[in-house]
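Examination of the molecular architecture
Here is what each chain is made of, one letter per residue.
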Amino acid sequence: MKTGLRGTGAVYLREMLILKHRFFHHLASMMVLPFLYLVAFGTAMGGSAPLAGHSYLEFLLPGLIAMTCMTQSYGIATEINIARFYLHVFEEFQAAPIANAAHVLGEVLSGMARAALGVAVILLMGLAFSVRLHIGPYFLLAAALNAWVFASLGVLLAMLVRSHADQSMVSSFIITPMSFLGGTLFPLDRLPEWAQTLLSLLPLTHASHAIRADALGLPPEPMDFMILASAGALLFFLALRSVGQARD
């Protein structure tokens, strides 16, 4: 019986070697959309317009960090799909003495590593636009929890879909809408109350709020971290079960 976390490093190392091999491709993909958002929304539409005592660029950048953290960590689903449907690496994991927990943890950690790289890219781009944010422990914790949530979600959905096309459809219905409606590009308090209540159910909403609060020197909301931690734990557990079902 495969138990324990032995093999986590092997799964993680495989994904990191893939990232290293495609490093400049990934780096370019991490930069394109945030750069367009910074130019189109931050500069062309009034980057210096005051918003709650801060410029819009200062408001926007933490939202882009939360969004990039989400998309990059969730992107591990694509690598899993390629391994499952084209390279048939998943069958090798099935035959190897690697526990489900080790497999899931290795994939989730690699997704979080991709997210960390994406956050670093956005911060450097922010400096190019003369935006300097406060990077404190709550900022790092919120980003890490955000990455954990969506990396776990990526593993879960990658194990449930039956084709690469299905994965793209899932991303279109879940990740893309959340990118725009999770408090990343505009303040949610300008929406009707029913919309605010609905969007408060999205983990990205709480990640954006927590990251932005620390980045702008505002006091953190403990509820944001509690919701992210709870969502991450639930999704990690479901991902663990989905791997077990996929093995069967």
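The shown structure was predicted, so the numbers you read here are calculated from the model rather than taken from an experiment. (Residues numbered from 1 in each chain as written. Predicted model: local features only at pLDDT ≥ 70, side-chain atom pairs only at ≥ 80, totals over all residues. Heavy atoms only, no water.)

1. Side note on the confidence of the model for the protein chain
For residues with low pLDDT, the predicted coordinates do not support detailed interpretation. For the protein chain, per-residue confidence averages 85 on the pLDDT scale, and 86% of positions sit at 70 or higher. Taken element by element, the protein chain is modelled with least confidence in strand β1 (residues 50–51), mean pLDDT 58, and with most confidence in helix α10 (residues 203–215), mean pLDDT 95. (pLDDT = per-residue confidence, 0-100. Helix = DSSP H or I, 4+ residues; strand = E, 2+ residues; numbered from the N terminus.)

2. Comments concerning the packing of helix α3 (residues 56–74) against helix α6 (residues 100–128)
Two elements in contact, α3 and α6, have axes separated by 8 Å at closest approach and are oriented at 150°. Our classification of the angle between α3 and α6 gives roughly antiparallel. Considering how the two elements wind past one another, α3 and α6 form a crossing that is right-handed. For the pair α3 and α6, contact is made by Leu61, Leu64, Ile65, Thr68, Cys69, Gln72 and Ser73 and by Gly111, Arg114, Ala115, Gly118, Val119, Ile122, Leu123 and Gly126, respectively. Among the residues making up the contact of α3 with α6, the classes are represented as eight nonpolar, six polar and one charged. (Axes fitted to C-alpha atoms, helices over the stretch in contact; angles between N-to-C directions. Parallel < 35°, antiparallel > 145°, perpendicular 65-115°, else oblique. Left-handed = near helix turned anticlockwise from the far one by under 90°. Contact = heavy atoms within 4.5 Å. Nonpolar A, V, L, I, M, F, W, Y, C, P; charged D, E, K, R; others polar.)

3. So, the environment of Ala143
Residue position: Ala143 is located in helix α7 (residues 137–160). Along the backbone, Ala143 and Ile65 are 78 residues apart, and their C-alpha atoms lie at a distance of 8.1 Å. In contact with Ala143, other than residues within four places in its own chain, are Cys69 and Ile211.

4. Observations concerning helix α1 (residues 8–21)
Look at α1: 20 Å from first C-alpha to last across 14 residues, which is about the 20 Å you get at 1.5 Å a residue. Those residues of α1 lying buried are Thr8, Val11, Arg14, Glu15, Met16, Ile18 and Leu19. (Expected span 1.5 Å × (residues − 1). Buried < 20%, exposed > 50% of the residue type's maximum accessible area, 1.4 Å probe, protein only.)

5. Focus on the nonpolar core
Membership of the largest hydrophobic core comes to 59 residues, with the highest contact counts inside it found for Leu64, Tyr74, Phe150, Leu153 and Val155. Among the elements of the structure, α2 (23–44), α3, α4 (76–85), α6, α7, α8 (164–181), α10 and α11 (222–247) are those that each provide at least two residues to this core. Of all the elements, α7 adds the most residues to this core, at 14 residues. Those residues in contact with Val155 that sit more than four places away from it in its chain are Ile76, Ile80, Val104, Glu107, Val108, Ala239, Ser242 and Val243. (Core = buried A, V, L, I, M, F, W, Y, C linked by side-chain atoms within 4.5 Å.)

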